[in-house]
Amino acid sequence: MGLLLVLRPPQPRPKSLRRATRAQRREHHRANAEEWMTARQRGWVLDVEVEELLPLVNSAGGSRLPLLGQLDPWSDSVLDRRDLLQLEADVDRLDAAVDNDAQRELVAAMRKLLMCWRSEPDLMLHCYGD
């Protein structure tokens, strides 16, 4: 079980592809795969195991963290630029609660993702739970 954090452009409302032809469906999936590959290459994807993130969030204040404390690893959410400063503050609180190398690496990876977001103002942070 994990949480996938991805910087992506704002997504249009999902459209049903039920009426699409097979060729249209293939094109949609091909374009989506290219977008994900590009995001991974640019460092815009962070796949976090809940078993790593949850203890750290709990140590840093749990549900009192305005953004990270409210993310649900079983559902999806989207954060926009207005959330960036608060998310950086949450990551600072995580950094203060770090007590092992794995958590330190996780915080560093989150900071790197946030730096990428700061340099790409048109993107949004999509959080996909599984």
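Here, the structure is the one placed above.
In this report, the structure presented in the accompanying data block is examined. (Residues numbered from 1 in each chain as written. Predicted model: local features only at pLDDT ≥ 70, side-chain atom pairs only at ≥ 80, totals over all residues. Heavy atoms only, no water.)

A closer look at the overall build of the protein chain
A count of helices and strands for the protein chain gives four helices and four strands. For the protein chain, the α and β elements follow one another from N to C terminus as β-α-β-α-β-α-α-β. Reported as C-alpha extents along the three principal axes, the dimensions of the protein chain are approximately 50 × 30 × 25 Å. Taken over 130 residues, the protein chain has a buried fraction of 37%. A separation of at least 24 residues holds for 78% of the contacts in the protein chain among residues at least 6 apart in sequence. Surface accessibility of the protein chain: about 8400 Å² in total, with carbon and sulfur atoms responsible for 52%. (Helix = DSSP H or I, 4+ residues; strand = E, 2+ residues; numbered from the N terminus. Buried < 20%, exposed > 50% of the residue type's maximum accessible area, 1.4 Å probe, protein only. Contact = heavy atoms within 4.5 Å. Areas by Shrake-Rupley, 256 points an atom, 1.4 Å probe, with all protein chains shown as cover.)

A closer look at a negative patch on the surface
Together, Asp47, Glu49, Glu51, Glu52, Glu105 and Asp130 make up a negatively charged patch on the protein surface. Broken down by secondary-structure element, the contributors of at least two residues to the negative patch are strand 2 (45-49) and helix 2 (50-59). Secondary-structure assignment places Glu51 in helix 2. For Glu51, a relative accessible area of 56% translates into the label exposed. (Patch = residues over 30% accessible without salt bridge, like charges linked within 9 Å, V, L, I, M, F, W, Y side chains within 5 Å. Salt bridge = Lys/Arg side-chain N within 4 Å of Asp/Glu carboxyl O. Lys, Arg positive; Asp, Glu negative; His and termini not counted. Charge placed at Lys NZ, Arg CZ, Asp CG, Glu CD.)

Structural notes on the nonpolar core
Residues Leu94, Trp117 and Leu125 are the most contacted members of the largest nonpolar core, which totals 36 residues. Mapped onto this core, the elements with two or more residues apiece are strand 1 (2-8), helix 1 (22-41), strand 2, helix 2, helix 3 (84-97), helix 4 (101-119) and strand 4 (124-129). Among the elements that make up this core, the one with the highest residue count is helix 4 (seven residues). Setting aside its immediate chain neighbours within four residues, Leu94 contacts Leu56, Val57, Ala60, Leu65, Leu68, Val107 and Met110. (Core = buried A, V, L, I, M, F, W, Y, C linked by side-chain atoms within 4.5 Å.)

Section: the sheet that holds strand 4
Two orientations exist for strands paired in a sheet by backbone hydrogen bonds: parallel and antiparallel. What the four strands build is an open sheet, ordered 2-1-4-3; its pairing is antiparallel. Each end of this open sheet is capped by a strand with a single partner; those strands are strand 2 and strand 3 (77-79). In this sheet, neighbouring strand axes are inclined to one another by 20° on average, regardless of whether the strands run parallel or antiparallel. Bridge count between strand 1 and strand 2: five bridges; the pairing is antiparallel. Looking at the pairing, Gly2 lines up with Glu49 of strand 2. (Pairing = 2+ DSSP bridges. Axes fitted to C-alpha atoms, helices over the stretch in contact; angles between N-to-C directions.)

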